[in-house]
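# Structural overview
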Amino acid sequence: MEKTFDLTIFGATGFTGKFILTEVLKTADRAFPNAPLRVAIAGRSRERLEALVASLPTGSKIQPTILIADVKDEASMRAMCRASKTLIAAAGPFRFLGEAAVAACVEEKCHYVDITGEPEFFEGMALKYHDKAKENQVAIVHVCGFDSIPADMGVLFTKQQLEKNHSALPSSIEMFFKIHTGNAGFAGHYATYESAVHGFGSAGLLRQLRRTANRPQIPKIGYGLAVNPKPHWVHKVAAYTVPFFFADPSVIRLSQQLVIQDKDLNSVQSPPVQFSAYICIPSFKALAMTIFASTVFGLFAKYESGRKFLLKHPRLFTMGIFSHEGPTDQQLAETSFSETFFAEGYSKALQEQHPNEGELRKIKPDVSIVTSVSGPEPGYVATPKMVVQACFTLLLEKDKVPNGVLTPSLAFAQTDLIKRLEEQGIVFSTVQQATK
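Below you will find a few notes about this structure. All of these numbers come straight from a predicted model, not from anything done at the bench. (Residues numbered from 1 in each chain as written. Predicted model: local features only at pLDDT ≥ 70, side-chain atom pairs only at ≥ 80, totals over all residues. Heavy atoms only, no water.)

## Details of the overall build of the protein
- A count of helical and extended segments in the protein gives 19 helices and 16 strands.
- Taken over C-alpha atoms, the radius of gyration comes to 21 Å for the protein, in line with the 22 Å a tight globule of 436 residues would show.
- Burial status across the protein gives 54% buried among its 436 residues.
- Summarising the internal contacts of the protein: among those between residues at least 6 apart in sequence, 83% fall at separations of at least 24. (Helix = DSSP H or I, 4+ residues; strand = E, 2+ residues; numbered from the N terminus. Rg over C-alpha atoms; globule rule 2.2 N^0.38 Å. Buried < 20%, exposed > 50% of the residue type's maximum accessible area, 1.4 Å probe, protein only. Contact = heavy atoms within 4.5 Å.)

Given below as structure tokens:
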């Protein structure tokens with residue numbers, strides 16, 4: 001059936017949804033020079049959608065069409081997806097609002113990307129809808145914002161540098177995340193905070209989901225990667241570090257498990273690597289404040305009454321970082337991020353000397369490389385760029401994207417997504433060439 005719209009943004013009137021629409025309008029002409037992109041914006045409030053359209057700059061080649069869709073009304077969700085080639089889902093928290101869009105996309109054969117960072121949601125959708133999405137030839141691609149394109153595509157990029165440029169077998173990757181701020185500091189919007197509160201509070205449900213999924217163990221290639229779960233100083237990044245407690249490790253794990261579990265994905269990924277991730281904190285004072293705040297946050301998030309209290313006082317529990325107002329323009333302009341990947345692997349010569357995989361586990365890797373992914377403010381500047389370019393890639397290169405419920409590295413491994421991201425200021429680079 002002919003689709004009416006190339007791209008629909010569901011949740012366009014939300015804080016991040018507005019940035020996504022702006023990014024679509026800003027970049028569509030370059031990506032689609034031959035004909036204007038047919039864009040719709042969707043949500044449950046016609047009044048808010050009309051106000052959003054009225055606020056757009058005049059003279060744009062793209063005039064978004066308004067669609068009314070409500071997650072509580074399956075028919076409206078199905079109609080939205082039936083009319084759309086691709087859907088950008090920006091309505092969260094996804095654990096409460098996300099499944100209706102996924103289900104409608106699978107049934108109506110509409111490709112999908114989202115900006116979730118909630119492991120319980122995206123792992124649950126993979127378990128429930130992967131086979132049906134494959135059957136219907138639909139690509140459902142989760143975590144296409146800051147969670148977790150830089151990490152997931154960064155690991156893929158790093159593995160490719162070792163394999164293609166240095167003929168090395170990747171063994172382990174350590175990721176170190178840094179946020180860089182200006183005089184105005186860093187801030188986030190309440191919607192992001194709300195998802196985090198519910199995410200921390202559902203850790204038990206996530207463990208139960210993983211037991212149900214019973215996904216395969218990821219084999220270790222080579223020498224074991226030492227993981228330090230305690231706060232500590234790391235000289236090579238000149239910072240204190242704590243384990244990365246957001247979605248990225250879950251995404252990397254799922255990427256590698258799906259490759260093992262689904263033979264149709266074997267061609268888009270190389271063998272798995274051991275992976276660990278850390279958040280960099282610049283000073284001991286900041287480290288102490290982070291430990292205190294995260295401990296209190298974690299204790300409150302365990303209980304329903306505690307979560308209500310957290311949600312009522314976002315500024316109090318985040319030292320003023322999160323609020324209903326969100327970041328200022330100055331904060332958005334001055335903030336940036338970087339993720340540095342320290343990777344090790346085995347040279348071709350060493351592999352030939354020790355063809356038995358068990359032997360490599362006793363031998364330290366002889367090849368190392370350092371790569372980086374960097375970009376502008378992660379939540380509301382980089383995230384819209386990432387999810388929009390992921391959606392454009394689905395429209396332009398769907399023949400290179402497998403079907404199913406996927407992570408970014410599985411969906412876009414054979415596409416030009418990294419090139420598109422670099423054109424938007426999200427840079428993938430080799431910091432230190434391979435050394436032996």
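On we go.
## Focus on unusual backbone geometry
- Cis peptide bonds are those with omega within 30 degrees of zero, and the linkage from Gly 92 to Pro 93 qualifies with 0°.
- Positionally, Pro 93 belongs in the loop between strand 4 (84-89) and helix 4 (94-97).
- Each neighbour pair has its own omega, and for Asp 147 with Ser 148 the value is 0°, a cis peptide bond.
- In this fold, Ser 148 is placed in the loop between strand 6 (139-141) and helix 7 (149-166).
- Of note, the phi angle at Val 143 is positive, near 50°, even though the residue is not glycine.

## Looking at the pattern of salt bridges
- Tallied over the full model, the rule gives 21 salt bridges.
- Asp 6 is the salt-bridge partner of Lys 85, the closest N and O atoms lying 3.5 Å from each other. Note that Lys 85 is positioned in strand 4 and Asp 6 in strand 1 (residues 5-10), a separation of 79 residues in sequence.
- Of the residues examined, Asp 6 reaches a relative accessible area of 10% and is grouped as buried.
- One salt bridge in this structure joins Arg 78 and Glu 108, with 2.5 Å as the shortest N-O distance. One end of the pair, Arg 78, is in helix 3 (residues 74-82); the other, Glu 108, is in helix 5 (residues 99-108), and 30 residues separate them in sequence.
- Here Arg 78 falls in the partly exposed class, since its relative accessible area comes to 24%.
- Looking at Glu 108, the relative accessible area reads 13%, which means it is buried.
- Put simply, Glu 2, Asp 6, Arg 38 and Lys 85 are held in one network by salt bridges that share partners. (Salt bridge = Lys/Arg side-chain N within 4 Å of Asp/Glu carboxyl O.)

## Looking at a positive patch on the surface
- Among the surface-exposed residues, Lys 18, Arg 44, Arg 48 and Lys 72 lie close enough to one another that they form a single positively charged patch.
- The topology assignment puts Lys 18 in helix 1 (residues 15-31).
- Accessibility expressed as a relative area gives 43% for Lys 18, which makes it partly exposed. (Patch = residues over 30% accessible without salt bridge, like charges linked within 9 Å, V, L, I, M, F, W, Y side chains within 5 Å. Areas by Shrake-Rupley, 256 points an atom, 1.4 Å probe, with all protein chains shown as cover. Lys, Arg positive; Asp, Glu negative; His and termini not counted. Charge placed at Lys NZ, Arg CZ, Asp CG, Glu CD.)

## Looking at the side chain of Thr 13
- Locating Thr 13 in the fold gives a position in the loop between strand 1 and helix 1.
- If we ignore the near neighbours within four places in the chain, the residues touching Thr 13 are Lys 18, Arg 48, Leu 49 and Leu 52.

## Examining the nonpolar core
- Tyr 112 and Phe 412 are the most contacted members of the largest nonpolar core, which totals 108 residues.
- Broken down by element, this core gets its largest block of residues, 8 residues, from helix 17 (residues 378-397). (Core = buried A, V, L, I, M, F, W, Y, C linked by side-chain atoms within 4.5 Å.)

## With respect to the state of the cysteines
- Counted according to the given criterion, the structure contains 0 disulfides.
- This cysteine, Cys 391, is not joined by any disulfide, and Cys 110 carries the nearest cysteine sulfur, 8.5 Å off.
- With relative accessibility at 0%, the residue Cys 391 sits in the buried group. (Disulfide = S-S within 2.5 Å.)

## With respect to the pairing of strand 7 (residues 169-180)
- With 9 of 12 residues buried, strand 7 lies mostly within the body of the structure.
- By the bridge criterion, 11 bridges tie strand 7 to strand 13 (residues 336-346) in an arrangement that is antiparallel. Residue pairing in the sheet places Leu 169 in a bridge with Tyr 346 of strand 13.
- Bridge count between strand 7 and strand 11 (residues 274-281): 6 bridges; the pairing is parallel. Residue pairing across strands places Glu 174 opposite Ser 276, the latter belonging to strand 11. (Pairing = 2+ DSSP bridges.)

## A look at a nonpolar patch on the surface
- Taken together, the side chains of Phe 200, Phe 245 and Phe 246 present a nonpolar region at the surface, about 270 Å² in accessible area.
- With respect to the helices and strands, Phe 246 occurs in the loop between strand 10 (239-243) and helix 10 (248-261).

## Looking at the sheet that holds strand 5 (residues 111-114)
- If you walk across this open sheet you meet the 7 strands as 3-2-1-4-5-6-15, and the pairing is parallel. With partners counted over all chains shown, the strands left at the sheet margins are strand 3 (65-68) and strand 15 (404-406), one partner each. Each adjacent strand pair in this sheet contributes to an overall mean axis angle of 20°, direction not counted.
- Pairing of strand 4 with strand 5, which is carried by 4 bridges, proceeds in the parallel orientation. Within strand 5, the position partnered with Ala 89 by the bridge is Asp 114.
- Along the sheet face, helix 2 (residues 46-54) touches strand 2 (39-43) and strand 3 and points at about 165° away from the line of strand 3. (Axes fitted to C-alpha atoms, helices over the stretch in contact; angles between N-to-C directions.)

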